[in-house]
Amino acid sequence: MSDLQTQMDLEQQGVLFTTINKLYNWGRRSSVWPMQFGLACCAIEMIAAAASRYDISRFGSELFRASPRQADVMIVAGTVTKKMVPQVVRLFNQMPEPRYVISMGACATSGGPFRDGYNVVRGVDLYVPVDVYIPGCPPRPEALLHSLMTLQAQIDVQALQQVRWYGDDEGVVNEFPIPVFGAEGLEVAGIPGTADPVGGTPKMPPFVSPALGGKGERDASIKALEGNQPKPMLRAGTVTIEEVGHGIAG
Ligand code: SF4
């Protein structure tokens with residue numbers, strides 16, 4: 001019989017064995033409090049998830065906090081506009097560690113249907129590191145609950161000696177640059193010029209997900225940049241359905 005099986009058998013009889021890591025993770029995973037804010041239609045699904053039909057308190061996440069200083073997870077639920085993203089980053093900076101980000105829906109993850117618009121950022125992970133992404137437009141409340149379970153699974157395997165918020169690892173970033181409005185759009189400290197120009201490619205790659213070991217650094221691989229290429233512009237004039245289906249550049 002394996003050690004794990006023995007442990008489970010004993011737990012069924014009321015004898016508990018644990019480790020510091022397991023106890024610490026159990027405490028955090030069972031009380032992940034979200035910040036109380038929403039950005040667009042996805043927020044309605046988030047609100048539905050908190051209502052009686054879905055009972056988010058099964059996961060210990062029913063306490064939506066009105067202050068970032070009391071919140072553990074930021075659920076970015078909705079379209080992140082360039083007007084709003086400075087506030088999103090500022091609020092994230094005010095959250096204490098350990099803190100997490102769930103990107104809810106196509107808009108928060110990539111800009112969604114507004115990706116090529118002049119006013120929408122192409123993924124909130126260009127500005128803050130994201131732990132869990134939820135696909136969909138909008139994702140249903142069940143998908144949000146699944147993302148909480150995914151986050152709990154990520155917390156379960158963390159070890160006190162390795163998490164980024166303890167120790168004095170110099171590579172860890174705790175303050176993320178708050179974008180400011182420049183002459184032609186948003187400017188981000190450390191990125192020359194306009195960071196996310198209209199009709200162009202964002203000049204900065206997204207942050208590496210903490211779930212993949214990221215400590216607040218950007219993913220500098222070319223692949224990440226290619227993922228942010230804008231769609232080709234349609235030419236002026238009448239366009240047939242077939243041409244749209246195959247995509248036309250220029
Ligand atoms: S992903 Fe869809 S439902 Fe969610 S905010 Fe964007 S448009 Fe609205």
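Just above, that's the structure.
About the thresholds
- All chains use their own residue numbering, which begins from 1 and follows the written sequence.
- In view of the model being predicted, local features appear only for residues whose pLDDT reaches at least 70, and side-chain atom pairs are presented and counted only at 80 or more, with totals across whole chains, interfaces and linings using the full set of residues.
- Side-chain descriptors were evaluated using all non-hydrogen atoms of the structure, hydrogens and water having been removed beforehand.
- Think of it this way: one heavy atom of a residue within 4 Å of a molecule or strand is enough to make that residue near it.
- Gly falls in the polar group here, along with every residue not listed as nonpolar (Ala, Val, Leu, Ile, Met, Phe, Trp, Tyr, Cys, Pro) or charged (Asp, Glu, Lys, Arg).
- In this analysis the probe radius is 1.4 Å and the grid spacing 1 Å, with only protein atoms considered; a cavity is a set of points the probe fits into but cannot get out of, a pocket is an open set with protein on both sides within 12 Å along at least five of seven lines, and lining residues have an atom within 4 Å of a point.
- Grid points are joined across faces, edges and corners, and a volume is the space filled by probe spheres set on the points.
- Put simply, a nonpolar core is a bunch of buried Ala, Val, Leu, Ile, Met, Phe, Trp, Tyr and Cys residues held in one set by side-chain atoms that sit within 4.5 Å of each other.
- Accessible area is worked out with a 1.4 Å probe on protein chains only. A residue is then buried under 20% of its type maximum, exposed over 50%, and partly exposed in between.
- A run of H or I in DSSP becomes a helix once it reaches four residues, and a run of E becomes a strand once it reaches two; helices and strands are each numbered from the N terminus.
- Contacts were defined at the residue level, with two residues in contact if any of their heavy atoms lie within 4.5 Å.
- By this definition, two strands are paired if DSSP reports at least two bridges between them.
- Throughout, an axis means a line fitted to C-alpha atoms (over the contacting stretch in the case of helices), and angles, computed between N-to-C directions, take values from 0 to 180 degrees.
- Only Phe, Tyr and Trp rings take part, Trp by its six-membered ring, and two of them pair if their centres are within 6.5 Å. Stacked means planes under 30 degrees apart, edge-to-face means over 60, and tilted covers everything else.
- We count a charge as sitting over a ring when the NZ of a lysine or the CZ of an arginine lies within 6 Å of the ring centre and within 35 degrees of the ring normal.

Visitor: Would you mind showing me how to read the site of the ligand here?
Guide: Surrounding the ligand, one finds Ala40, Cys41, Cys42, Gly78, Thr79, Ala106, Cys107, Pro113, Phe114, Gly136, Cys137 and Pro138. Broken down by class, the residue content of the shell around the ligand amounts to nine nonpolar, three polar and no charged.

Visitor: How do you make sense of empty space enclosed by the protein when you look at a structure like this?
Guide: Take a probe with the size of a water molecule and roll it over the atoms, and the empty space left behind shows itself. Tallying each qualifying case throughout the model produces one cavity of 30 Å³ or more. Of the volumes computed, that of the largest cavity is approximately 50 Å³. Along its surface, the largest cavity is lined by Phe92, Glu97, Arg99, Pro129, Arg164, Val173, Phe176, Pro210, Gly214, Lys215 and Gly216. Across the lining of the largest cavity, the residue classes tally to five nonpolar, two polar and four charged.

Visitor: Would you mind showing me how to read the nonpolar core here?
Guide: Taken as a class, soluble globular proteins show a tendency for nonpolar side chains to be buried jointly. Grouped together as the largest cluster of nonpolar side chains are 26 residues, with contacts concentrated most on Met74, Val76, Val85, Phe92, Val124, Tyr127 and Met204. Every element with two or more residues in this core is listed here: strand 1 (73-77) and helix 4 (85-94). Residue contributions to this core peak at four residues, all from helix 4. Those residues in contact with Met74, other than ones at most four positions away along the chain, are Met35, Phe37, Val88, Leu91, Phe92, Met95, Tyr100, Val101 and Ile102. Among the nonpolar cores identified, the runner-up in size contains 24 residues, and Ile56, Phe64, Ile75 and Leu144 belong to it.

Visitor: Explanation requested: the sheet that holds strand 2 (residues 100-104) in the structure shown.
Guide: Across a sheet, strands are paired by hydrogen bonds formed along the backbone, either parallel or antiparallel in direction. What the three strands build is an open sheet, ordered 1-2-3; its pairing is parallel. Each edge of the open sheet is held by one strand with a lone partner, namely strand 1 and strand 3 (132-134). Strand-to-strand twist across the sheet, computed as the mean angle between neighbouring axes with direction ignored, equals 15 degrees. When strand 1 meets strand 2, the two strands line up parallel, connected through five bridges. Residue pairing for strand 2: Met74 is matched across the bridge by Val101. Across the sheet, helix 6 (residues 141-156) lies against strand 1, strand 2 and strand 3, angled at about 165 degrees from strand 3, the strand it touches most.

Visitor: Looking at this structure, how should I read the packing of aromatic side chains?
Guide: Aromatic ring pairs are defined here through the distance separating the ring centres and the angle between the ring planes. Scanning the entire structure with this criterion turns up two aromatic pairs. Between Phe176 and Phe207, the ring centres sit 5.1 Å apart and the planes meet at 85 degrees, which makes this aromatic pair edge-to-face. Residue Phe176 is found in the loop between helix 6 and strand 4 (180-181), and its partner Phe207 is found in the loop between strand 5 (186-187) and helix 7 (222-226); the two are separated by 31 residues along the sequence. Here the two residues Phe176 and Phe207 agree in accessibility, since each one is buried. Taken together, the aromatic side chains of Phe92, Phe176 and Phe207 make up a single cluster linked through ring pairs. Just above the ring of Phe92 sits the side chain of Arg99; from NZ or CZ to the centre is 4.2 Å. When the ring centre of Phe207 is taken as reference, the NZ or CZ atom of Arg218 above it lies at 4.2 Å.

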